[in-house]
Each structure stands twice: as C-alpha cells, then as structure tokens.
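# Results of the structural survey
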2 protein chains.
Amino acid sequence: MSYQGIIETYKALLKIPDEMKAVTLLEGNTPLIPVPAIADQLGGDFDLRVKFEGLNPTGSFKDRGMTVAVSEAAHRGAKTVICASTGNTAASAAAYAARAGMRAIVIIPAGKVAAGKLAGAIAYGADVIQIDGSFDDALSLVVSISEKHPIALVNSLNPFRLEGQKSSAFEICDVLGDAPDWMALPVGNAGNITAYWMGYKQYHEVKGTSLPRILGVQAAGSAPLVLGHPVEKPETIATAIRIGRPARGEEALIAASESNGYIMAVTDDEILKAQKILASSGIWVEPASAAGLAGLVKEVNAGKLNLCGKKVVIICTGHGLKDPDVITGQFTKPQAVKAELTELERIILNG
Amino acid sequence: MSYQGIIETYKALLKIPDEMKAVTLLEGNTPLIPVPAIADQLGGDFDLRVKFEGLNPTGSFKDRGMTVAVSEAAHRGAKTVICASTGNTAASAAAYAARAGMRAIVIIPAGKVAAGKLAGAIAYGADVIQIDGSFDDALSLVVSISEKHPIALVNSLNPFRLEGQKSSAFEICDVLGDAPDWMALPVGNAGNITAYWMGYKQYHEVKGTSLPRILGVQAAGSAPLVLGHPVEKPETIATAIRIGRPARGEEALIAASESNGYIMAVTDDEILKAQKILASSGIWVEPASAAGLAGLVKEVNAGKLNLCGKKVVIICTGHGLKDPDVITGQFTKPQAVKAELTELERIILNG
C-alpha cells in the first residue's frame with residue numbers, strides 16, 4: 001500500500017472524529033537524515049540525525065497538524081478557517097483550506113514575516129491581512145474572531161493540530177526502532193514541543209518505546225519560557241519563533257521537565273552558526289530550525305551534555321527556502337564575469 | 001528497514017560502480033498526490049496525480065541524479081565538481097558536494113536565476129560564478145573545463161545523473177502498480193524526459209510494467225525541440241527550462257516518439273494559469289513545474305487528448321518556494337491594518 005498521509009497512517013492513535021475524511025497532501029513521512037560529520041564536530045561517538053520537516057508539502061512541519069485541523073473543520077461543515085502566523089502556519093492553512101475548497105484568512109504581523117512564507121500564503125489563495133502589531137496581538141484577535149463568528153481557528157490552540165503533530169514522534173520511533181535518548185527542537189508558540197511529548201508518551205504506552213529527554217531551544221531575544229515571563233517586544237532573526245507569549249507555554253515547561261530535559265536560549269549568532277553547520281552537511285534550514293542544533297552545540301561545548309553512545313535527533317522545522325534573505329543578506333551578489341574560458345579558468349583555479 | 005535514499009533502494013537497477021558509497025540526503029520517495037479537483041476541471045473520469053519532486057531535499061528533482069553523480073565522483077577520488085545551472089542543479093550540486101566534503105563550482109547566467117535558487121547554492125557553500133551569457137554558454141564552458149582539469153562535471157551530460165533520475169519512474173510504477181497511461185513533464189535541457197523513458201523501459205523489461213505515453217512540454221519562448229532548431233535567446237518566466245540548446249535534445253525527441261507521445265509548447269500565460277490551478281489544490285510549484293499541466297490543459301481543451309478512464313501523472317519538478325518573486329510580483333503588498341477587533345471584523349466579513 002502506498003503512503004497515504006499521516007491521518008491514514010496513524011489514525012488508530014489520533015483522537016479524531018469517526019468517519020472524518022482526510023484533507024491531505026500526503027504530508028509527513030519526512031526523512032531522518034544521519035549527520036555523522038556534525039556528530040564528529042561535537043566530539044563524536046554518538047548517533048545524530050536530523051528530522052527534516054522542511055520536506056513537508058508547504059515546506060514546514062505545520063502541515064502535520066493542519067491536515068487534521070482542516071479535515072476536522074471540514075467535517076463539521078466550516079467554510080472558513082483563520083489563523084495568526086509568523087508565516088509557516090499561514091502557508092499551511094492556505095494550502096489545506098484551498099484543497100478543501102474553504103476560505104483561509106491569515107493574520108500576520110506587518111514586516112516580520114519571511115518573504116518565501118508570505119508568497120506561499122498568497123500563492124495558495126489565502127486572504128492575507130497584515131496587522132500593525134505582533135504575532136501575540138494577531139493570535140488574540142483571531143481567537144476573538146473565531147469565538148464570535150462561524151470561522152474555524154487553526155492555530156495550535158486547536159487541539160487537532162497537536163493530534164497531527166504527534167505523528168512526527170511516531171515516525172522517529174518507527175525509524176529508530178525506539179525513541180532517541182535526546183531530542184532537541186526550537187520552541188516558539190510551544191505547540192510542537194507539547195505535541196512531540198504527547199506522541200512519545202502515547203507510543204511508550206501503546207508500543208513500549210522509551211521516552212526521550214527533550215531540549216527545547218528559544219531565541220535569546222524571544223525567550224519567555226527561559227526568562228519566566230512574557231516578552232513584550234520579542235526580537236530574533238529566527239522569525240518562526242519570534243513569539244513573546246507562547247500559547248502552549250505551560251505545557252512546554254511540563255513536557256521539558258517530565259522528560260527530564262529543559263528549555264534554554266541561544267543567541268542569533270549561535271543560530272546562524274548552527275544554520276551554516278547544517279548546510280555544510282547538505283541540509284539548508286530556516287534560521288529557527290537551526291535553534292535545536294545551536295542548543296546542543298552550546299550545551300556540549302559547556303560540558304553540560306555528554307552525548308557519548310546516545311541516539312540524538314534534531315528537529316528542523318522548516319526549509320531554508322522559506323527565508324532566503326537571511327542568506328543573500330550576508331553575501332554580496334556574485335560578480336558577473338565574461339563568458340570566456342581563460343577568464344573562468346583563472347578564477348576557478350585561484351579560487 | 002527505514003528509507004535509505006534512491007541508490008540503496010534501487011541499486012540493482014542502476015548502472016553504478018560496485019562498492020560505490022552513497023552520498024545521500026535520503027532524496028526521492030516523494031509523494032504522488034491525487035488531484036481529483038483538477039481532473040474534474042479537465043472533464044473528469046480519469047485518475048490524475050502530481051509527482052511532487054519539489055519535496056526532495058534541496059527543493060527539486062535534481063537531487064535524484066546528483067546523489068549518484070556526486071557519489072560516483074567521490075568514488076573515483078574527485079575533489080571538485082562543476083556544473084552550469086539555471087539554479088536547481090546549482091543548489092543540488094552544492095548540497096551533495098558539501099555532504100561529500102568536496103568543492104562545488106556553479107556557473108550561472110547572470111540575472112536569470114530565481115532568488116531562492118541562488119540563495120540555496122550560496123547557503124550550501126558553493127563557489128557561485130555568474131557569467132555574462134546564457135545557460136547554453138555556461139554549459140559549453142563547464143564542459144571545456146571538466147575536459148582540461150581534474151574537475152567532475154555533474155550536469156546531466158554526466159550519465160550517472162540520468163541513472164539516478166530514472167528512480168522517479170520506478171517510484172511511480174511502485175505506487176500505481178503499473179506505469180500511468182500518460183505522463184506530462186517540462187522539458188528544458190531534456191535530461192529528465194530521457195531519464196524517465198529509460199526508467200519506464202527498464203521496469204517494463206525487468207518487472208513487466210506497461211509503458212506510458214509521454215507529453216513533453218516546453219515554454220513557447222524557449223522551444224527548440226518544437227521548432228526544430230536551437231533558440232539563440234530563449235525567454236520565458238519558467239527560468240528552469242530557459243534553455244535554447246538542450247544537451248539531451250535528440251534523446252528527448254526519441255523518448256517522446258518511442259512512447260507514442262510528443263513534445264509541444266505552451267505560453268508563459270498558460271504556465272502561470274496552470275501554476276494557479278495546482279496551488280488551488282494545495283500544491284505550489286515553480287513556474288517551469290506547471291508546464292506539464294499547462295500542456296495537458298491545452299491539449300484536452302483543443303480536443304487532442306481524451307483522458308477518459310486513464311491514469312495520468314504530472315511531474316512537478318521544483319517547489320514554489322524556489323521562485324517566490326513570480327508570486328509577489330503579481331500582487332501588491334497587503335496593507336497593514338490596525339490591530340483592532342472591530343476593524344478586522346469589518347475587513348474579514350466584507351472580504
């Protein structure tokens with residue numbers, strides 16, 4: 001039987017309505033890519049892999065939750081979905097709503113959404129509205145609107161989003177034959193860390209797999225769960241986790257502590273360095289997606305984590321193509337040279 | 001056993017050196033997404049699916065060939081790879097070379113490469129050189145350089161590229177249980193149509209699957225195989241197939257005619273319309289990738305193709321994220337509105 005998407009693959013483990021028809025783009029089934037060269041840089045002698053969630057249909061992990069949230073909304077007759085977004089949720093909601101024949105309204109913070117993401121939401125036909133405010137403002141507005149009008153909220157406050165996002169934990173266990181010892185991931189609105197922990201606990205109960213320790217990583221300029229209080233003006237180059245009041249903050253703290261892990265912060269410089277390390281193993285991710293590795297690097301270098309003999313998984317949530325400006329902004333445009341063999345040889349052989 | 005990439009999966013069917021170690025990012029295994037709404041728009045009563053090759057690790061189908069070409073180059077001790085590229089090959093060569101610890105040199109035509117693609121090549125660490133000339137100029141230069149210096153050519157003139165690209169035909173047959181009746185795909189440098197036909201013929205011989213009829217689609221401003229002569233100044237919004245002298249042109253014509261299919265041209269307008277149709281089913285592709293559907297639409301509407309009862313597959317070679325400017329260029333930037341409930345309700349309910 002060929003692959004049918006995450007609802008069909010894992011429906012026995014998802015709390016979803018009976019008879020719900022799947023609105024699917026065959027999301028999930030993303031590769032778990034070994035990165036031995038990066039493990040070596042961190043001292044070696046452990047198994048390090050990247051769960052490359054940027055290879056979902058709209059380029060981010062959001063598709064796992066969106067297939068369930070939009071399917072459920074369609075199941076109960078919704079004609080419109082709404083979400084607040086830093087970009088990835090917008091593109092995903094727009095794609096699945098289009099597929100279901102529904103209208104998608106996405107509210108984004110003006111000027112703070114990466115180019116590739118905004119283009120995606122527009123391409124899939126969403127009504128995109130920029131507000132003069134933060135992601136957190138946008139989220140509280142869409143909650144109010146969904147309470148007053150027959151419009152389905154598809155942010156990760158919607159429990160069906162988390163049901164879908166659990167599936168990545170299942171896939172990791174299916175590939176490794178067990179849970180990893182450690183799993184590191186970026187933490188923004190905190191729905192994903194919550195969902196992974198739900199998924200690992202459920203597989204532990206149903207299949208007897210082990211439980212990982214979870215390292216949640218926030219950006220230093222947007223680290224409410226590390227600071228212990230909301231951040232009014234979050235700032236970071238990792239726009240996907242630029243969130244000052246995480247909707248699932250409490251659950252994230254519980255997930256980290258129950259798993260015997262913790263939540264930490266890394267600087268934008270550490271994030272960009274980790275992005276380069278991943279790219280040098282052939283995996284280009286958006287800045288937020290490098291936060292997990294940045295956290296691992298920091299803790300290993302500080303002697304706080306000993307990974308020797310362990311299985312470690314980094315979650316990379318979105319493709320580098322989502323945010324090309326971060327790359328092009330760091331480089332001067334390559335100069336155009338004459339289309340002439342001798343000239344080209346000179347440049348290449350001296351290069 | 002978990003998925004190991006195309007070399008490990010199909011090595012018995014690939015002409016590759018014994019003992020060659022795979023340089024892999026777990027490419028391939030891309031979804032074959034049903035698009036019944038699009039089939040309905042084309043008259044219905046047939047099975048239409050999109051092979052979404054944009055979900056390969058670097059965002060395009062090029063990764064299938066690159067894993068084999070770079071593995072083979074590494075196997076014989078090459079330290080440097082070179083290619084000419086309209087963008088997708090560049091990103092793929094850069095990623096696999098980085099993974100293999102090799103230097104990648106990519107030569108691109110100045111000003112004619114989509115933003116997301118150039119950023120990718122830079123992110124993965126390639127030496128990017130823009131030349132004041134066309135793709136065709138770039139290709140003839142890299143051929144000369146690879147003949148004079150110990151630098152491995154990884155354009156699709158390299159036969160190992162085609163060995164890898166065959167794997168998509170295998171995957172389609174594995175999912176459908178047989179070859180489709182028709183397959184439509186974009187044709188630029190013509191390596192991909194050649195590789196698909198090789199793959200289908202090989203599966204036909206080895207596994208007894210049927211053979212599809214192939215519809216190759218060029219952009220009208222860059223259609224040497226339709227016109228019957230090279231195009232000196234190819235022009236099209238579909239930059240990935242903006243090629244006036246296809247390296248595998250003869251083989252493409254043979255593939256089309258042996259398969260009882262043909263090669264045709266579509267306008268940029270037809271390509272952009274097909275891109276919108278795909279996005280409205282939740283699949284955002286770069287313009288070139290919409291050429292296959294544009295061709296189908298044109299032929300069905302002209303009464304030249306009757307697809308009733310058939311299985312039809314469209315190959316979408318690259319993700320929409322590769323070329324966001326095509327989308328954003330068609331829209332005015334959404335206006336930022338006040339972060340205020342009443343104002344937002346007014347806009348949404350009138351929307």
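See the structure above.
The structure reproduced in this document is the subject of the present report. (Residues numbered from 1 in each chain as written. Chains lettered and ligands numbered in written order. Predicted model: local features only at pLDDT ≥ 70, side-chain atom pairs only at ≥ 80, totals over all residues. Heavy atoms only, no water.)

## Comments concerning the interface of chain A and chain B
Facing 71 residues of chain A, the contacting portion of chain B comprises 71 residues. Our enumeration of links across chain A and chain B arrives at 2 salt bridges. With a shortest N-O distance of 2.9 Å, Glu345 of chain A and Lys148 of chain B are connected by a salt bridge. In this assembly, chain A and chain B are joined by 16 residue pairs in polar contact (both at pLDDT 80 or more). With 6 residues, helix H15 (residues 341-350) of chain A is the single largest residue contributor to the side of chain A that touches chain B. (Contact = heavy atoms within 4.5 Å. Salt bridge = Lys/Arg side-chain N within 4 Å of Asp/Glu carboxyl O. Polar contact = N/O pair within 3.5 Å; in protein donor to acceptor, adjacent residues only side chain to side chain. Helix = DSSP H or I, 4+ residues; strand = E, 2+ residues; numbered from the N terminus.)

## Topic: the side chain of Lys322 of chain A
Relative to the helices and strands, Lys322 of chain A is located in the loop between strand E10 (311-316) and helix H14 (325-328). No salt bridge is formed by the buried Lys322 of chain A; its nearest oppositely charged neighbour, Glu286 of chain A, is found at 6.3 Å. A polar atom in the side chain of Lys322 of chain A sits 3.0 Å from the side chain of Asn88 of chain A. For Lys322 of chain A, the residues in contact, after removing those within four places along its chain, are Thr58, Gly59, Ser60, Asn88, Ala91, Ala114, Ala115, Gly116, Lys117 and Glu286 of chain A together with Leu321 of chain B. (Buried < 20%, exposed > 50% of the residue type's maximum accessible area, 1.4 Å probe, protein only. Lys, Arg positive; Asp, Glu negative; His and termini not counted.)

## Section: the packing of aromatic side chains
Residues and elements named next belong to chain A. All chains considered together, the criterion is met by 10 aromatic pairs over all chains. For the ring pair Tyr10 and Phe170, a centre distance of 5.2 Å and an interplane angle of 55° mean the geometry is tilted. Here Phe170 lies in helix H8 (residues 167-176) and Tyr10 lies in helix H1 (residues 6-10), a separation of 160 residues in the sequence. An identical accessibility class is assigned to Tyr10 and Phe170; each is buried. A ring pair is formed by Phe170 and Tyr203, whose centres lie 4.7 Å apart and whose planes are at 15°; its orientation type is stacked. Residue Phe170 is found in helix H8, and its partner Tyr203 is found in helix H9 (residues 191-207); the two are separated by 33 residues along the sequence. A relative accessible area of 0% means that Phe170 is categorised as buried. Looking at Tyr203, the relative accessible area reads 3%, which means it is buried. (Phe/Tyr/Trp six-rings, centres within 6.5 Å; stacked < 30°, edge-to-face > 60°.)

## Let's talk about the sheet that holds strand E9 (residues 262-266) of chain B
Residue and element names in this part refer to chain B. Pairing in this open sheet of 6 strands is mixed, and the strands run E1-E2-E10-E7-E8-E9 from one edge to the other. Since the sheet does not close on itself, it has two edges, and those belong to strand E1 (32-34) and E9, each with one partner. Pairwise comparison of adjacent strand axes, ignoring direction, gives a mean angle of 25° for this sheet. Two elements, strand E8 (residues 213-219) and E9, share 5 bridges in a ladder whose sense is parallel. Along E9, the bridge assignment pairs Gly216 with Ile263. Contacting strand E7 (182-186), E8, E9 and strand E10 (311-316), helix H9 (residues 191-207) runs over the sheet at an angle of about 155° to E7. Lying on the sheet, helix H13 (residues 291-301) is in contact with strand E2 (47-52), E7, E8, E9 and E10; it crosses E9 at an angle near 95°. (Pairing = 2+ DSSP bridges. Axes fitted to C-alpha atoms, helices over the stretch in contact; angles between N-to-C directions.)

## Focus: helix H12 (residues 268-279) of chain B
Residue and element names in this part refer to chain B. For H12, spanning 12 residues, the distance from its first C-alpha to its last is 17 Å, which sits close to the expected 16 Å at 1.5 Å a residue. Taken as a whole, H12 has its buried residues at Ile271, Leu272, Ala274, Gln275, Leu278 and Ala279. Each buried residue of H12 sits inside an arc of 160° when the element is viewed along its axis, so together they form one side. Among the exposed residues of H12, those oriented more than 90 degrees off its buried face are Asp269 and Lys273. (Expected span 1.5 Å × (residues − 1). Arc of directions from axis to C-beta.)

## Things to note about the relation of the copies chain A and chain B
Each of the two chain copies can be generated from the other by rotation about an axis followed by a shift along it. Laying chain A over chain B is done by rotating through 180° and shifting 0.0 Å along the axis; what remains is an RMSD of 0.0 Å. In the structure described here, the two chain copies are related by an operation that fits a two-fold rotation axis. Among all residues of chain A, the one whose C-alpha sits closest to the rotation axis is Leu55 of chain A, at a distance of 2.6 Å. Mapped onto chain B, 99% of the interface residues of chain A again fall at the interface, so both copies present the same surface. (Least-squares fit on C-alpha atoms with pLDDT ≥ 70 in both.)

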